[in-house]
Amino acid sequence: MTSAKLKVAVLYDVWEDETVGVETAEEKTPPRKSKSKRKAKIEKEDREEIHEALEKLGHEPFYQVLDGGQQSLTALAKCGADLVFNLTESFAGDDTKDMNIAAYLDLLGIPFTGGGPHAHFLAQDKGTAKKMFAFHGIKTPFFATSYRGRIEHAHDIAFPLIVKPVAEDGSIGINADAVVNSVKELMERVEYIQNEFDSPALIEEYIEGREIYSAILGSYENAQTLPLVELDLSRLPKGTPKIASYDVKFEKETQAHKLTKSHLAADLDEETTAHLQETALAAYQAVKLRDYGRIDMRLTPKGEVYVIEANPNPWLSSKQEFAMAAKASGRSYTQLIGEIVDMAMQRYAPRGGAENAS
């Protein structure tokens with residue numbers, strides 16, 4: 001762990017009618033013209049825990065907010081942080097702009113944690129990410145993308161299919177109706193995605209199997225996998241698609257959420273474990289993730305591994321999968337946060353490399 005005492009801005013985003021915390025109230029901008037939300041805001045718990053961990057590590061953390069207005073961008077530029085712990089997921093509710101926030105920090109020359117603009121671009125657009133996986137020989141479901149009657153890409157795909165927004169995260173737009181078994185259902189779901197999210201639809205083959213997450217720490221050159229975590233979907237009611245839907249992940253009062261649980265992946269032999277971890281590392285590198293990331297995979301009954309998506313800057317709540325994997329590796333939550341800080345600061349240490357821009 002670094003011995004230097006750092007001023008660390010814990011950067012997060014709010015929009016619409018959300019209330020900015022007391023610690024940043026003076027930075028709140030006047031109300032903006034109304035803008036439709038691209039997604040519902042998911043309440044996160046991690047910024048307070050990260051703030052506390054940074055204090056335990058001897059740093060000077062403070063909260064910094066982006067509220068979708070120009071004044072908050074100016075405030076970020078003037079915040080005086082030695083490091084930004086980047087927890088933003090959107091700008092003004094548009095989660096396709098998280099890459100712009102990373103690029104803005106790059107332009108300002110402010111060190112920050114997590115994925116750079118290239119990583120956010122490559123991973124955020126699931127169609128682009130899947131093309132990168134295929135180029136690197138990483139197995140991923142065959143897919144097509146469609147928007148307003150135009151086919152942007154198409155494999156020869158077969159039912160059943162799962163249909164979701166091409167650029168949303170947090171299981172936004174994914175529910176039981178996302179899995180379709182006929183042309184009629186497919187057309188209806190594509191129309192729903194386009195109308196609800198004004199987004200191209202990602203249409204990919206549904207892979208039956210176990211939902212496995214691989215948490216990874218490290219740089220492009222030197223990354224390591226943590227113990228594998230499984231989202232157990234086996235108790236979902238008969239007829240319910242075994243998918244990580246929005247209900248499963250976030251709607252705590254639903255039956256789907258109550259019947260599912262994440263735990264360390266069990267009953268995996270050494271060969272299968274190695275195959276999962278090697279696949280995850282390859283996917284992490286293919287879309288240029290750094291510091292920390294999570295690769296979501298499906299393990300079929302035949303032992304085949306398919307990468308579903310890559311997640312830069314995954315949720316760091318102590319109750320969620322990434323921290324669960326870190327704990328299983330012998331790290332405390334505070335140690336995990338400290339490692340992320342150290343990796344970010346090492347990246348910006350003078351050494352003449354080109355990685356800063358990636």
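About the criteria used
Residues numbered from 1 in each chain as written. Predicted model: local features only at pLDDT ≥ 70, side-chain atom pairs only at ≥ 80, totals over all residues. Heavy atoms only, no water. Core = buried A, V, L, I, M, F, W, Y, C linked by side-chain atoms within 4.5 Å. Buried < 20%, exposed > 50% of the residue type's maximum accessible area, 1.4 Å probe, protein only. Helix = DSSP H or I, 4+ residues; strand = E, 2+ residues; numbered from the N terminus. Contact = heavy atoms within 4.5 Å. Pairing = 2+ DSSP bridges. Axes fitted to C-alpha atoms, helices over the stretch in contact; angles between N-to-C directions. pLDDT = per-residue confidence, 0-100.

(A) Up close: the nonpolar core. Ranked by size, the top nonpolar core spans 30 residues in total, and within it Phe85 and Leu316 carry the most contacts. Of all the secondary structure elements, the ones that give two or more residues to this core are strand 1 (7–13), helix 1 (46–56), strand 2 (60–66), strand 3 (83–86), strand 9 (210–218), helix 10 (321–328) and helix 11 (333–348). For Leu316, the residues in contact, after removing those within four places along its chain, are Asp46, Glu49, Ile50, Phe85, Tyr292, Phe322, Tyr333, Leu336, Ile337 and Ile340.

(B) Structural context of the sheet that holds strand 2. With parallel pairing, the three strands of this open sheet are ordered in space as 2-1-3. A single partner strand is all that each edge strand has here, and the edge strands are strand 2 and strand 3. Neighbour-to-neighbour, the strand axes of this sheet turn through a mean angle of 30 degrees, independent of strand direction. The pairing of strand 1 with strand 2 spans seven bridges and is parallel.

(C) Region of interest: the sheet that holds strand 6 (residues 161–165). The strand order 5-4-8-6-7 describes an open sheet built from five strands, whose pairing is antiparallel. Strands at the two margins of the open sheet, each flanked by one partner only, are strand 5 (150–154) and strand 7 (179–180). On the sheet, helix 5 (residues 126–135) packs against strand 4 (143–147), strand 5, strand 6 and strand 8 (201–205) and is oriented at approximately 40 degrees with respect to strand 8. Running at roughly 10 degrees to strand 6, helix 6 (residues 183–197) makes contact with strand 4, strand 6, strand 7 and strand 8 of the sheet.

(D) A look at helix 10. Within helix 10, burial applies to Glu321, Phe322, Ala323, Ala325 and Ala326. Looking at the residues trailing helix 10, positive phi occurs at Gly330, about 100 degrees.

(E) Examining the confidence of the model for the protein chain more closely. Scored by pLDDT, the protein chain has a mean of 88; 88% of the residues are at 70 or more. Within the model, the stretch residues 19–44 combines pLDDT values under 50 with 61 contacts to residues more than four positions away or in other chains. Within the model, pLDDT remains below 50 along residues 352–357, and this stretch shows eleven contacts once partners closer than five positions in the same chain are excluded.

(F) Summary view of the pairing of strand 11 (residues 229–232). Sheet topology note: the strand 9/strand 11 ladder contains three bridges and is antiparallel. Looking across to strand 11, one finds that Glu211 is bridged to Leu231. Alignment of strand 11 against strand 12 (residues 261–264), held across four bridges, turns out to be antiparallel. Following the sheet pairing, Val229 is matched in strand 12 by Leu264.

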